[in-house]
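# Understanding the architecture of this molecule
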Amino acid sequence: MTLDETRPPANRVRTRAEFDRWYWPLELLQEFCSRLGVSRSGRKHELRERVALALDGKTTNKPALKKPGKARWNKKALTLNTVITEDVSFGPHVRGFFKEQIGSRFVCHSDFMAWVRGNTGATLGDAVDAWRVLEARKNDPGFRREIADGNNFLQYLRDLRDANPQLSLDAAKRCWDAKKIRPATHGKVIYEAADLRFLDRA
């Protein structure tokens, strides 16, 4: 491996060992799924696992089963008394409900979604109250929003800028763009001090 080794085109990767060496964005994971004949639906970590299994020959051509109840959340009438269930989803219908209740400032951020998923049995009214409590924390100078486990991009930017507070967001993104196509153990891009070298090449 060299510092300048970069990710090959997806259509040239035929083994799991090679697949695991790189970070793959969603559109390329979907390309893999199409080529391997497996379902393209789901979150990035789900697609990555599905592709890895397919490359190992440990999957079938059957599409992933839809989680029961998800369609109900996308279509059902929602009120403040609606009880949160394990199959809650955050599609446009549900987000629209919260925007009606909270206003245009509503953002469906990761810590709010984690609260909802972790409080089955509570109501959507409870969720509205929880959003306001979570949002009020932004007034605390020491507050930092939790980053979802699967959001490699935001975690990389935070780690890089924590180590280099003087660095602009634009510069941090340039480092990400260069690093994400370099070898990444198990597909996860990790900040290293040497990544600043990418700025010298801009």
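For the structure, see preceding data.
Residues numbered from 1 in each chain as written. Predicted model: local features only at pLDDT ≥ 70, side-chain atom pairs only at ≥ 80, totals over all residues. Heavy atoms only, no water.

## Some remarks on the packing of helix H6 (residues 110-117) against helix H7 (residues 124-136)
The line we're drawing: In this analysis an axis means a line fitted to C-alpha atoms, helices contributing only their contacting stretch, and an angle means the value between N-to-C directions, from 0 to 180 degrees. Secondary structure follows DSSP: runs of H or I at least 4 residues long count as helices, runs of E at least 2 residues long count as strands, and numbering of each begins at the N terminus. Each crossing gets its handedness from the near helix: less than a right angle anticlockwise from the far helix is left-handed, clockwise is right-handed. Contacts are assigned to residue pairs with any non-hydrogen atoms lying within 4.5 Å of each other. Residue polarity is assigned by list, with Asp, Glu, Lys and Arg as charged and Ala, Val, Leu, Ile, Met, Phe, Trp, Tyr, Cys and Pro as nonpolar; anything else, Gly included, falls into the polar class.
Across the interface, H6 lies against H7 with an axial gap of 10 Å and an inter-helix angle of 145°. At the point where H6 passes H7, the crossing takes the right-handed sense. Of the residues in H7, those in contact with Asp111, Phe112, Trp115 and Val116 of H6 are Asp126, Ala127, Ala130, Trp131 and Leu134. Tallied by class, residues from the contact of H6 with H7 come to 7 nonpolar, no polar and 2 charged.

## Structural notes on the environment of Arg132
Where we set the bar: Pairs of N or O atoms are called polar contacts if they sit within 3.5 Å, as long as, within protein, a hydrogen donor faces a hydrogen acceptor (for residues adjacent in sequence, only side-chain-to-side-chain pairs).
Position of Arg132 among the secondary structure elements: in helix H7. Beyond its immediate stretch of four places on either side in the chain, Arg132 contacts Gln101, Ile102 and Arg105. Side-chain polar atoms of Arg132 contact the backbone oxygen of Gln101, separated by 3.4 Å.

## Topic: H7
How we decide: Here the expected span of a helix is defined as 1.5 Å times the quantity of residues minus one. Relative accessibility decides the category of a residue: with a 1.4 Å probe and only protein chains considered, values under 20% of the type maximum give buried, values over 50% give exposed, and everything between is partly exposed.
Here H7 contains 13 residues, and its C-alpha end-to-end distance of 18 Å stays within 8% of the 18 Å for a straight helix at 1.5 Å per residue. Listing the buried residues of H7 in full gives Leu124, Gly125, Ala127, Val128, Ala130, Trp131, Leu134 and Glu135.

## What about the pattern of salt bridges?
Put simply, the rule is: What makes a salt bridge here is a side-chain nitrogen of Lys or Arg within 4 Å of a carboxyl oxygen of Asp or Glu, nothing more.
In this structure the tally under the stated criterion is 11 salt bridges. Between Arg16 and Asp56 there is a salt bridge whose closest N-O contact spans 2.9 Å. Placement of Arg16 in helix H1 (residues 16-19) and of Asp56 in the loop between helix H3 (44-55) and helix H4 (70-75) is noted, with a sequence separation of 40 residues between them. Taking the relative accessible area as the measure of exposure, Asp56 reaches 35% and is therefore partly exposed. Between Asp87 and Arg72 there is a salt bridge whose closest N-O contact spans 3.2 Å. Placement of Asp87 in the loop between H4 and helix H5 (92-102) and of Arg72 in helix H4 is noted, with a sequence separation of 15 residues between them. Classification of Asp87 as buried rests on a relative accessible area of 18%. It is possible to trace a salt-bridge network through shared partners that takes in Glu5, Glu18 and Arg21.

All we've got here are geometric facts, nothing functional implied.
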